[in-house]
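Architecture and fold: a report
Chain by chain, the residues:
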Amino acid sequence: MSNAAAVSSASPFLAACRGETPSRTPVWFMRQAGRSLPEYKEARKGTTMLEACSTPELVAEITMQPVRRYGVDAAIFFSDIVVPLAAIGVDVKIVPGVGPVVAEPFRTEADVKRLRNLDPCDVPYITEAIGLLVKELGDTPLIGFAGAPFTLASYLVEGGPSRDHAKTKALMKSQPDVWHGIASRLAAICGEFLRVQVEAGAQAVQLFDSWAGALSEADYREFVLPHSTAALAGVAHSVPRIHFGVGTGHLLEAMTETGAEVSGVDFRIPLDQAAKRLPDKVLQGNLDPALIFADDAALVAETDKVLEAAKGAKGHIFNLGHGVLPDSDPAKLKLVVDRVHEATAR
Ligand code: CP3
């Protein structure tokens, strides 16, 4: 047996992704790297977010921190959805407490041409960081990720974070050619960004379409689904693909049409309902991240509720229903990991 096969069969996370029965329910947390850990805040002192993302030793260290502290079943690569955009020369900054801000928003035919393809040579630090991580992680798989075309486009078109995505939606309807031009170029960039990570050793990927829930199903299907499908096609038949959005209860079925093997479910849809609607999909989720602030007894009871609701699913990867909130207590996240492992050991 090759080394790679030996590692994957030992991993509850990869077994669950493939719809096999893992030795226990695997658990990891979206946004586990960064944010709440004191050792993260220490490591990040004096560097901007994008500088940190292009420093391989620092990326490897921050990616490892939650694995060491929590004993999670997968690592998520420390980077950001805007890293490939910065790498092709888009003037984007990550403003602390705000998010990605784009100096010159993308709204016209001429702007489409500002999005050139990503070349692996644009992101040598990604390949290098993953090389360091694969050695250090041993049996724990690494999840690579990208932002989906709609979520990335919303930052590019709005110029920064937005509550209603008004300019993005208006662009779709008023200038559909410009929209599809931007989204298809973003799909190529995301697909390549995922491919670079897999080539370097990532053993699964997650496509974050965090803001897709803002769209109706009809608009999702017409303006977004083809582009997310194209982005995920870049790594089809190589590693398991997880697809996640927030407030996407009305889009669960449509989102599976991208071909992703695992459906991320946010905390608004109980997993037993999601399992009935998606009987052929492995589900990932979905403890409300706010419940990390509940007392221990309530937190354990809510963790058990998620495990119980997932029993009818084809497979289950325990996660939060969105990312770790910035002020979360690491001890509470550790309590959840231990509870999931203890309650599901086979
Ligand atoms: O554990 C991990 O998931 C770490 C890797 C990661 C980051 N961002 C690091 C980061 C991942 C997977 C992301 C994804 C991401 N980035 C998404 C999709 C996931 C989601 O939560 O919906 C989105 C929408 C972004 C865009 C973005 N980047 C936002 C909204 C922010 C937060 C701004 C803030 O300060 O509140 C960022 C910055 C960012 N990305 C931070 C981290 C750790 C915080 C920056 C810092 O610590 O200085």
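Now for a description of the structure that goes with this document. Remember, predicted model here, so these are calculated numbers, not experimental data. (Residues numbered from 1 in each chain as written. Predicted model: local features only at pLDDT ≥ 70, side-chain atom pairs only at ≥ 80, totals over all residues. Heavy atoms only, no water.)

1. Let's talk about the site of the ligand
In the vicinity of the ligand, 24 residues are found, and the nearest of them are R31, A33, Y40, S210 and H322. Contact with the protein chains removes 89% of the 870 Å² of surface that the ligand exposes when unbound. Structurally, the ligand is housed in the largest pocket. Residue assignment for the shell around the ligand shows that the elements contributing at least two residues are helix 3 (38–44) and strand 3 (99–102). (Near = heavy atom within 4 Å. Areas by Shrake-Rupley, 256 points an atom, 1.4 Å probe, with all protein chains shown as cover. 1 Å grid on protein atoms, 1.4 Å probe; cavity = no way out; pocket = protein on both sides within 12 Å on 5 of 7 lines; lining within 4 Å. Sits in = over half its atoms within 2 Å of the grid points. Helix = DSSP H or I, 4+ residues; strand = E, 2+ residues; numbered from the N terminus.)

2. Things to note about unusual backbone geometry
At the junction of G285 and N286, the peptide bond is cis and its omega measures out at -10° in the coordinates. Along the chain, the position of N286 falls in strand 8 (residues 282–287). Unlike most non-glycine residues, H165 shows phi in positive territory, near 55°. Locating H165 in the fold gives a position in the loop between helix 9 (149–158) and helix 10 (166–174). One non-glycine residue, H237, lies in the positive phi region at around 60°. Here H237 is to be found in the loop between helix 12 (217–233) and strand 6 (241–244). Overall, the relative accessible area of 84% leaves H237 in the exposed class. (Buried < 20%, exposed > 50% of the residue type's maximum accessible area, 1.4 Å probe, protein only.)

3. A short note on the environment of R185
Within the secondary structure, R185 sits in helix 11 (residues 176–200). In sequence terms R185 and L115 are 70 residues apart; their C-alpha atoms lie 6.4 Å from each other. Residue contacts for R185: discarding those within four places in its chain leaves V112, K113 and L115. (Contact = heavy atoms within 4.5 Å.)

4. Section: the sheet that holds strand 5 (residues 204–208)
Overall, parallel pairing links the seven strands, which are arranged 1-4-5-6-7-8-9 in an open sheet. At either end of the open sheet lies a strand with only one pairing partner, and these are strand 1 (75–76) and strand 9 (315–320). In the packing of helix 12 onto the sheet, contacts are made with strand 5 and strand 6, and the angle to strand 6 comes to roughly 155°. Across the sheet, helix 15 (residues 296–309) is in contact with strand 8 and strand 9; its angle to strand 8 comes to roughly 160°. (Pairing = 2+ DSSP bridges. Axes fitted to C-alpha atoms, helices over the stretch in contact; angles between N-to-C directions.)

5. Describing the layout of surface pockets
A volume near 1300 Å³ is recorded for the largest pocket. Around the largest pocket sit 37 residues that line it, and R31, R35, D80, G99 and P100 are the ones nearest its centre. Among the elements of the structure, helix 3, strand 2 (92–95), strand 3 and helix 9 are those that each provide at least two residues to the lining of the largest pocket. Among the residues making up the lining of the largest pocket, the classes are represented as 21 nonpolar, eleven polar and five charged. Lining the second largest pocket are 18 residues, with T25, L307, K311, H316 and R346 positioned closest to its centre. (Points joined across faces, edges and corners; volume = space filled by probe spheres on them. Nonpolar A, V, L, I, M, F, W, Y, C, P; charged D, E, K, R; others polar.)

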